[in-house]
Amino acid sequence: MKIGVTIFPGSNCDRDALHAVELMGAEPVELWHADPDLRGSDAVIVPGGFSYGDYLRPGAIARFVRVMGVLEEFARDGGPVLGVCNGFQVLCEAHLLPGALLQNTHMRFACDRVRVRVETTETPWTAVCEREEELTLPIAHNEGNYFADPETLARLEDDGRVVLRYLENPNGSANDIAGVCSEGRNVVGVMPHPERVSDPALGSEEGLKILRSVLAGATV
Amino acid sequence: MNIQETYSALGLSDAEYDRILELLGRAPNFLELSLFSVMWSEHCGYKNSRPLLSRFPNEGPRVLQGPGENAGVVEVGDGWALAFKVESHNHPSAVEPYEGAATGVGGIIRDILAMGARPVALLDSLRFGPLDEERNRYLFREVVRGIGGYGNAVGVPTVGGEVEFSEAYSGNPLVNAMCVGLIRTEDLVRSRATGEGNLVVLLGSKTGRDGIHGATFASDELTEESESKRSNVQVGDPFAEKMLIECCLKLLKEDLLVSLQDLGAAGITSSASEMAASGGVGIDIEVDRIPRRESGMEPFEAMISESQERMLAVVEPEDEEKVLALAERYGIGGTVVGRVAGHGDLRVISDGEIAGSVPAEYLADAPVYEREVIRPEYLDEVKRLDLEALPEPDDYNEVLLKMLAHPNLRSRRSIFGQYDHEVGTNTVVRPGADAAVMRIKGTKRGFAMTTDGRGRHCYLDPRGGGAATVAEAYRNLSCAGAEPVAITNCLNFGNPEKLEGYYQLAECIEGMSEACEAFGTPVVSGNVSLYNETARGSIYPTPVVGMVGVFEDVSRHATPAFKREGDAVIIVGEPRNLSLAGSEYLEVVHGKVTGRPPTPDIVTERAYAGLIRSFVERGLIDTAHDVSGGGEVLALAEMAISGGVGFTYDEDELEFLIRHARRPDLSFFGEEGAAFLIAFPEERWDAVQDALGATDSRGVSWVAYDRVGCAGGDRFKIGDLVDLTLSDLREAYEQDLFGIPGEVVGGAEAVG
């Protein structure tokens, strides 16, 4: 299975994501922002970082680059896409996911480990987790405060589209939301970084559960 | 303005101007004078410190590159090497803390990049005045934001560092940034320019008027007018730096560069003249080709501008197209601005004419000032400490909580929580331990880093303090289980033209050198920041040591946190040479900075640290912490808090300890060298005891140790004197450093 990782100018978790893809047993594929080509990827990760320096707003400029056109098509055709941190912000800006990520309410960058609960296993990126399973995942963001209007929030909750929920809210997110999925459930955005806990050498492999889920989906 | 006013305004003395006349055999024009003024500043030319710096040992079996390049380089093994350096950005941070700190981080990253290494870790050593003053809170908050704002975006994790607060730094904060880069030994790049006719290519951002005369500014005392020099402070763009890093690494991978140099203090002038001088060639810079971000800039401004995120590369003519194409792919500027020439000059060409031309070696050869080292009188006054006159506290619970809560001893979580310390997925031990530990992907190997400074000790006893600073770093790496290899240092001192400042500088260097020799940890890179003085006086002499160590198997490492209920806890080290002189306790609880702290015995330090390291390497222990500021009880409390496991002191041992020291505060909070606390499961007791029975070459057992207690439960108990719950300790220790009463925590103020 080939898993593509988009590289925008200013992405800085791209290499980590590519490494994690290798650790999960898939073939990593670099997707350069200026090339409108997913190079045969079966799934795509939009990694964290500061695409275009977060100028204007996180993710606001990245959504217009050439690789995003083909990615949007891929996503609308049901292809599995995972946005992590800045990748989540990009997917929201591209309207592949609802809502927006605002500045943390305490107005500080937050780098920490947080406990989250897996709220649905019906996405390609949580398929091998247990429902209500608790994971400890790293966060590192300044704009992770999930926001959506009340109707959207209600719809997300009703449709079971909240994917991860914080046990202790680190940034002021509405409904403690740490991750959501698209209506088609194939596009998932999360603020925590599963790729940072995918290597036993660093003491935890909890993130691999999320990344490996997409492999399980592929074999169905 | 007459000529004397002109060169004085540029920071040159009469004697220096005369020397320029003598060297050139003619009067320099304004452009040439500007080149001399920046290159002969203390910041670039080390004119007050060079003779003293030559005292540092620079050689060792693992050293691949010592001082003289952009960074030092040491060998790790398996073909891997580490490039590292620490540098100050004190003066810029004093007037514009966010940008000052941010560009300090950006600058040190480029130093590492210039060696061809990928920057993989940042550490920051910070000093501020006390937090009860608004100005100090502002500087602290903005410096931390600046470090985070730059480091987080550029994608290099900030994995460690230290911060200290003292009146001595009020108005003159210290902001020292260290970067460590990873490289294959065969890929090392030098900055030497070679090959007449080769092209000089400027990579990165456009050039503006920011940072004009920044190096000169950094080489003067801070005054009221320093605020008005705000325009001397450069503005950072981490996004541009990120692209510059990726582009340069790609250019090197494709083997397209002859040499590479960063642009830091004194801009193109410094980079080009250093590249030329070390290569024994000349460089012609066509100054009009330098891409500008503002119009109307004079040639001298373009030459000495300190605009950030730029690198200078020497490229063979046939590679020009490929280099410029790659720069475009990464969205950064790439412009041919000059050529390597046969003459030995740094020659500035404007409008087809020579606007200035100075032999590069003259610029690189700043005058040297050697001064007499005279012991200042204050040392006699501060060395006295009358322990009898010091009242003994009657509530040790209160004293311990007060110490844990003090800004100098409190948890640093509220700082490092603002730094991305995991990007890159190499961080094995996250901030908050004695040292940061990282792995090297694809190998079992790893490395550890620490930065340490002991300003108060250096003030009370410059030579002993210099040695103690190195010893502290050595202990910290040993606790993690890493083999210490080499150091970089940043020498933060006051005015060297004053007797006191020069003495402190000379003596600290002597103490550090002796320790480095005895530990076998040579100095491979460094930076000097003098003139750290304000109207309130000089800072504490504060050499900051950044030490790097290596692991053959990084999975075998230790941290201070207690990890299991029931672990035995023992103290290993020279028995109880305790002292309160110059201690944290004395300052925090009694408000005194006095006494002469014990001079570290480096031979003993080295032996004990090596023993602890061998325990970690053999997998005997995974819990170790050195007894440092705050003494044994504070160290135990830190181990309990970070592990979430309580501790009970052994009754008999406690009785012995107090009887020996005569008073509990001395035994609890007294400081000493070469003492380590380790913890391990009870069933390993025999194996550990065997290992502790180590003997010297004559078969004499030399290791002193005592069992001090047992980890477990949720209380922290030391006989009848201290009895607190872990949550009591945590409440004191984990307070937010930015949440000082009267300030809006996390509110609009924190955004600045």
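Residues numbered from 1 in each chain as written. Chains lettered and ligands numbered in written order. Predicted model: local features only at pLDDT ≥ 70, side-chain atom pairs only at ≥ 80, totals over all residues.

Our next topic: the overall build of chain A. When helices and strands are counted, chain A shows 5 helices and 11 strands. With the C-alpha coordinates of chain A rotated into their principal frame, the extents come out at 40 × 35 × 35 Å. The burial tally for chain A puts 60% of its 220 residues in the buried class. Here the contacts in chain A between residues at least 6 apart in sequence split such that 74% fall between residues at least 24 apart. (Helix = DSSP H or I, 4+ residues; strand = E, 2+ residues; numbered from the N terminus. Buried ≥ 20, exposed ≤ 12 C-beta atoms within 10 Å, placed from the backbone. Contact = placed C-beta atoms within 7 Å.)

Let's shift gears to the overall build of chain B. Looking only at helices and strands, chain B features 28 helices and 28 strands. Relative to the compact-globule value of 27 Å for 752 residues, chain B shows a C-alpha radius of gyration of 26 Å, a close match. Each principal axis of the C-alpha atoms in chain B carries an extent, and together these give about 85 × 60 × 55 Å. Considering only contacts within chain B whose residues lie at least 6 apart along the sequence, 84% involve residues at least 24 apart. (Rg over C-alpha atoms; globule rule 2.2 N^0.38 Å.)

Further remarks concern the packing of helix H19 (residues 462-480) of chain B against helix H20 (residues 499-519) of chain B. All names here are of chain B. Taken N-terminus to C-terminus, the directions of H19 and H20 make an angle of 40 degrees; their axes are 6 Å apart at the nearest point. Accordingly, the angle class assigned to the pair H19 and H20 is oblique. As for the relative orientation of H19 and H20, their crossing is right-handed in sense. Contacts between H19 and H20 involve Pro-462, Arg-463, Gly-464, Gly-465, Gly-466, Ala-467, Thr-469, Val-470, Ala-471 and Tyr-474 from the first element and Tyr-503, Gln-504, Glu-507, Cys-508, Ile-509, Glu-510, Gly-511, Met-512, Glu-514, Ala-515, Cys-516 and Phe-519 from the second. (Axes fitted to C-alpha atoms, helices over the stretch in contact; angles between N-to-C directions. Parallel < 35°, antiparallel > 145°, perpendicular 65-115°, else oblique. Left-handed = near helix turned anticlockwise from the far one by under 90°.)

What follows covers the sheet that holds strand S3 (residues 80-88) of chain B. Residues and elements named next belong to chain B. The strand order across the open sheet built from 6 strands is S1-S2-S3-S6-S4-S5, with neighbouring strands paired in mixed fashion. Among the strands making up the open sheet, the edge pair consists of strand S1 (63-65) and strand S5 (158-165). Looking at each pair of strands side by side, their axes are set apart by 25 degrees on average, direction ignored. Two strands pair when backbone bridges link them, and strand S4 (residues 118-128) and S5 are joined in this way by 7 bridges, in the parallel orientation. Its bridge partner being in S5, Arg-127 is matched across the sheet by Glu-164. Taken strand by strand, helix H8 (residues 134-154) contacts S4, S5 and strand S6 (174-184), and its axis lies near 180 degrees from that of S4. (Pairing = 2+ DSSP bridges.)

Turning our eyes to something else, we now look at the environment of B:Ile285. Residue and element names in this part refer to chain B. The residue Ile-285 is located in strand S9 (residues 282-286) in this model. Assessed through the 27 C-beta atoms surrounding it within 10 Å, Ile-285 is described here as buried. Taking the C-alpha atoms as reference points, Ile-285 and Val-200, 85 residues apart in sequence, are found 8.0 Å from one another. If we ignore the near neighbours within four places in the chain, the residues touching Ile-285 are Val-200, Ile-268, Ala-272, Val-337, Gly-338, Val-348 and Ile-349.

Right, let's get into the interface of chain A and chain B. With 24 residues of chain A at the contact, the number on the chain B side is 25 residues. Of all elements in the fold, only helix H1 (14-23), strand S6 (110-118) and strand S7 (134-141) of chain A reach the threshold of two or more residues within the side of chain A that touches chain B. Here the side of chain A that touches chain B takes 3 residues from S6(A), the largest share from any one element. Of the residues in the side of chain A that touches chain B, the class split is 12 nonpolar, 6 polar and 6 charged. (Nonpolar A, V, L, I, M, F, W, Y, C, P; charged D, E, K, R; others polar.)

Residue and element names in this part refer to chain B. Here 6 bridges tie strand S12 (residues 345-350) to strand S13 (residues 353-359), and the two strands are oriented antiparallel to one another. Looking at the pairing, Arg-347 lines up with Ser-357 of S13. Linking two consecutive strands that pair antiparallel, namely S12 and S13, is a turn of 2 residues; a positive phi of about 55 degrees is found at Asp-351 within it.

In this model, A:Tyr52 sits at a positive phi of 50 degrees, which is unusual for a non-glycine residue. On the secondary structure map, A:Tyr52 appears in the loop between strand S3 (43-46) and helix H2 (66-76). Look at A:Tyr52 and you get buried, because 25 C-beta atoms sit within 10 Å. Even without being a glycine, B:Ala266 presents a positive backbone phi close to 70 degrees.

What follows is about the nonpolar core. Residues and elements named next belong to chain B. Leu-82, Val-470, Ile-612 and Ile-678 are the most contacted members of the largest nonpolar core, which has 307 residues in total. With 10 residues, H20 is the largest single contributor of residues to this core. The contacts of Leu-82, once residues within four sequence positions are left out, are Val-73, Val-74, Val-76, Val-180, Gly-181, Leu-182, Phe-447 and Val-548. (Core = buried A, V, L, I, M, F, W, Y, C linked by C-beta atoms within 7 Å.)

Bringing the sheet that holds strand S14 (residues 427-429) of chain B into the picture now. Note on sheets: strands pair through backbone hydrogen bonds, and any given pair is parallel or antiparallel. Residue and element names in this part refer to chain B. The strand order across the open sheet built from 6 strands is S14-S15-S16-S21-S17-S18, with neighbouring strands paired in mixed fashion. The open sheet has two edge strands with one neighbour each: S14 and strand S18 (523-529). Recorded for the sheet is a direction-independent mean angle of 25 degrees between the axes of neighbouring strands. Summarising the sheet, strand S16 (residues 446-453) and strand S21 (residues 542-551) pair through 8 bridges and their orientation is antiparallel. Residue pairing across strands places Gly-446 opposite Phe-551, the latter belonging to S21.

Residue and element names in this part refer to chain B. By the secondary structure assignment, Gly-197 is in the loop between S6 and strand S7 (199-204). On the basis of neighbour counts, which here come to 10 C-beta atoms within 10 Å, the residue Gly-197 falls in the exposed class. Ignoring any residue separated from it by four or fewer positions in sequence, one finds Gly-197 in contact with Pro-317, Arg-339 and Val-340.

Residue and element names in this part refer to chain B. Across 5 bridges, strand S22 (residues 568-573) lies against strand S26 (residues 705-711) in antiparallel orientation. The partner of Ile-571 across the bridge, within S26, is Asp-706. Pairing analysis gives 3 bridges linking strand S24 (residues 647-649) to S26, with the strands arranged antiparallel. Bridged to Phe-647 within S26 is Ala-711.

Further remarks concern the packing of helix H7 (residues 97-113) of chain B against helix H10 (residues 238-253) of chain B. Residue and element names in this part refer to chain B. Direction vectors running N to C along H7 and H10 enclose 5 degrees, while the axes themselves pass 11 Å from each other. Judged by the inter-axis angle, H7 sits roughly parallel to H10. Seen from H7, the contacting residues are Gly-106, Ile-109 and Leu-113; seen from H10, they are Pro-238, Glu-241, Ile-245 and Cys-248. Grouping the amino acids of the contact of H7 with H10 by side-chain chemistry returns 5 nonpolar, 1 polar and 1 charged.

All names here are of chain A. Regarding H2, the residues found buried are Val-67, Met-68, Leu-71, Phe-74 and Ala-75. All buried residues of H2 lie within an arc of 120 degrees about the axis, which places them on one face of the element. In this structure, the buried side of H2 is in contact with strand S1 (2-7), strand S2 (27-32), S3, strand S4 (81-84) and strand S11 (187-190). One or two positions beyond H2, positive phi appears at Gly-78, with a value near 95 degrees. (Arc of directions from axis to C-beta.)

The next point concerns helix H22 (residues 602-617) of chain B. Residues and elements named next belong to chain B. With 16 residues, H22 extends 22 Å between its outermost C-alpha atoms, agreeing within 8% with the 22 Å of an ideal straight helix rising 1.5 Å per residue. Of the positions making up H22, those classed as buried are Ile-602, Glu-605, Arg-606, Tyr-608, Ala-609, Leu-611, Ile-612, Arg-613, Phe-615 and Val-616. One or two positions beyond H22, positive phi appears at Gly-619, with a value near 80 degrees. (Expected span 1.5 Å × (residues − 1).)

Bringing the confidence of the model for chain B into the picture now. Taken as a whole, chain B shows an average pLDDT of 93; of its residues, 95% reach a score of 70 or greater. Quick note on the complex model: pTM equals 0.95, ipTM equals 0.96. (pLDDT = per-residue confidence, 0-100.)

Turning our attention to the environment of A:Gly179. Residues and elements named next belong to chain A. Its location among the elements puts Gly-179 in strand S10 (residues 177-181). The class of Gly-179 is buried, set by 32 C-beta atoms lying within 10 Å. Measuring from C-alpha to C-alpha, the distance between Gly-179 and Met-191 comes to 6.4 Å, with 12 residues separating the pair along the chain.

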